[in-house]
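Examination of the molecular architecture
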Amino acid sequence: MAIKNRKSPQELRSARWFANDDLRGFGHRSRAMQMGYTPEDWRERPVIAMINTWSDINPCHAHLRERAKWVQRGILQEGGWPIELPALSLAENYVKPTTMLYRNFLAMETEELIRSHPIDGAVLLGGCDKTTPGLVLGAISAGVPFIFLPAGPMLRGNWKGNVLGSGSDTWKFWDERRAGKISDREWTEIEGGIARSYGHCMTMGTASTMTAITDTLGLCLPGASSIPAPDSAHQRMSANVGRRAVHMVWENLTPNRILTRSAFDNAIIVAMAMGCSTNAVIHLIAMGRRAGHDVTLNDFDAASRTTPVLANIRPSGDQYLMEDFFYAGGLPGLWLRLEDQLDKSCLMASGETLAEVLTRSEVYNDDVIRKRETAIYPNGALAVLTGNLAPNGCVIKPSACSAHLQVHTGPALVFDSYLEMKKATDDPNLDVTSEHILVLRNAGPLGGPGMPEWGMLPIPIRLVREGVRDMLRLSDARMSGTSYGACILHVAPEAHIGGPLALVKTGDLISVNVPKRQINMQVSKAELQRRQKTLKPAKPRFERGYGWLAMQHIKQANEGCDFDYLETNFGAAIGEPDIF
């Protein structure tokens, strides 16, 4: 099909490197020929970067080296020149203290890989938790046409004929293990059965949440995020992505044309209906600001009040996983359920509007993708609480916690570090009841450092043995999207910089009221002021290196945890690099 207003070959960004008859042009062409290429490879062809977060230690991306071959095939079929550029892999399971510390590192790397090389368009290959926002943040700032290729969810887990969900069942069976109900042999069997293919977590954790959000924003081929990683449809989608990337360059379909304010509003609504990970809040705020939109916590809370949870996917759902979601119609099926709330004029990477995509969307299983009248939860997945304990907000996932804990007052049991908390909760003689509210502080963006996923604090072993499986827990940390329970997270400002969480003492009464969106400690203003005066500045977590840089510039959770100097409004746009 002919492309209207097609960009000319002379307008290609890469032409600045390869088309000029000068000394630098000679150098670029001769070095390309050194690698075996010929002028037919680059002449009047868009250069498409495949920015690949594959690595030997990232199980979620174990197939992305092979998928890059399919992308390459598609690019070549449409007359492009594919160039693979490796990027930081951010293996969620292995990177310590947390991949969140390095999300912005990947964003900077992605932006500069694109800007500094002769790249006309890009395919971003990722999917494991922080790789999706990291890649997208950088590509938004780079500004060239790009399309995201989601790694896809792994297959369902299995143990003794029972379906296992990654992450969610880890926490469940770990409590049973701590209670002495699972043997060493059984524990090893669960380890081998809970993640049995490549691909990211197949629960509605952070990975599935963020790839679906990116899909809804219009940055994927529509519905690509739902395809299971081992499915042959994933290979076909990868080749289609390569083909589409070439067309996006000729069409000059840049991210600013796709990432409108309405696109972000759509993404927030869909996130609520998915029963999304709490991490979506931080990443979407950062992505919105990179795109020039002031996305805030209030946007999430407003959408939550009017959007029910329709995706019956664990942990908010009670039975199904992402593989089932794909068979039920996938993300386009969920969009169809929400079409009365969504702005259907939004443009997608496919070149279509959302309205055009919906004409071929269907739902094949009403139990997996629910109708409003049979919703999993009547309101959205998240609630934003404020009060004297969190003046800038904190979040809770009501759809995944016990109902009786959504209005609760109890005494605080405070821990200043994860090690202190772990030692105490493993003590069978700990003085604690299910009425207590466990508090972990110094786990935020600066205090963690990097805001680790420590927020699903373990239930004290004493209570586990009594049969308790949920209680209120409060922190300035994050938690895995596969987690569940009455966990209040992202308290801002964090304790490490003197936020009110730093003032709480064991025994203080804390009141939580989710329906009223309130969280307060029942301590007088005068007493809090007295405690504030006695606070000592926290010791810096780093004194050199990247960690030091991050601590100087990272913003708080309610602001997306981006580096201040990376946000779009920090300074003037960066121009093209000089070539002399």
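Look up: the structure comes first, before these words.
Residues numbered from 1 in each chain as written. Predicted model: local features only at pLDDT ≥ 70, side-chain atom pairs only at ≥ 80, totals over all residues. Heavy atoms only, no water.

Comments concerning helix 7 (residues 168-178)
The α-helix advances 3.6 residues per turn, and as a result positions three or four apart in sequence lie on the same side. Taken residue by residue, helix 7 has Ser 168, Asp 169, Phe 173, Asp 175, Glu 176 and Arg 178 as its buried positions. On the buried face of helix 7, the contacting elements are strand 5 (157-159), strand 6 (162-164), helix 8 (184-193), helix 18 (418-425) and helix 19 (461-465). Residue Gly 180 follows helix 7 closely and has a positive phi angle near 80°. (Buried < 20%, exposed > 50% of the residue type's maximum accessible area, 1.4 Å probe, protein only. Helix = DSSP H or I, 4+ residues; strand = E, 2+ residues; numbered from the N terminus. Contact = heavy atoms within 4.5 Å.)

Some points on helix 8
Within helix 8, burial applies to Glu 186, Trp 187, Ile 190 and Gly 193. For helix 8, the arc enclosing every buried residue in end-on projection is 130°, short of the 170-degree limit, so these residues lie on one face. Those residues of helix 8 that are exposed and angled more than 90 degrees off the buried face are Asp 184, Arg 185, Glu 191 and Gly 192. Each element contacted by the buried residues of helix 8 is listed here: strand 5, strand 6 and helix 7. (Arc of directions from axis to C-beta.)

Looking at the nonpolar core
With 116 residues, the main nonpolar core has Leu 217 and Leu 334 as its most contacted residues. No other element matches helix 12 (residues 261-274), which puts 10 residues into this core. With sequence-adjacent residues up to four places away left out, Leu 217 is seen in contact with Ile 258, Leu 259, Ala 263, Phe 264, Ala 267, Leu 284, Met 287 and Leu 347. Membership of the second largest hydrophobic core comes to 29 residues, among which are Ile 396, Cys 401, Ala 502 and Val 523. (Core = buried A, V, L, I, M, F, W, Y, C linked by side-chain atoms within 4.5 Å.)

Section: the sheet that holds strand 1 (residues 47-52)
Whether parallel or antiparallel, the strands of a sheet pair through hydrogen bonds between backbone atoms. Within the open sheet, the four strands sit side by side as 2-1-3-4. Their pairing is parallel. Whereas interior strands pair on both sides, the edge strands pair on one side only; in this sheet they are strand 2 (81-86) and strand 4 (146-150). This sheet shows a mean twist of 20° between the axes of neighbouring strands, independent of strand direction. Relative to strand 2, strand 1 runs parallel, the two being bridged by six bridges. Across the sheet, residue Val 47 finds its bridge partner in strand 2, namely Trp 81. The strands that helix 6 (residues 131-142) touches are strand 1, strand 3 (121-126) and strand 4; relative to strand 3, the one it contacts most, it runs at about 165°. (Pairing = 2+ DSSP bridges. Axes fitted to C-alpha atoms, helices over the stretch in contact; angles between N-to-C directions.)

A look at the pairing of strand 8 (residues 390-396)
With respect to burial, strand 8 is a largely interior element, five of its seven residues being buried. Judged from the four bridges that link them, strand 7 (residues 383-387) and strand 8 form a sheet pairing that is antiparallel. Bridge pairing in strand 8 places Ala 383 opposite Ile 396. Between strand 7 and strand 8, which follow one another and run antiparallel, lie two residues. Relative to strand 12 (residues 487-489), strand 8 is paired through two bridges, and the arrangement is antiparallel. Residue pairing in the sheet places Ile 396 in a bridge with Ile 488 of strand 12.

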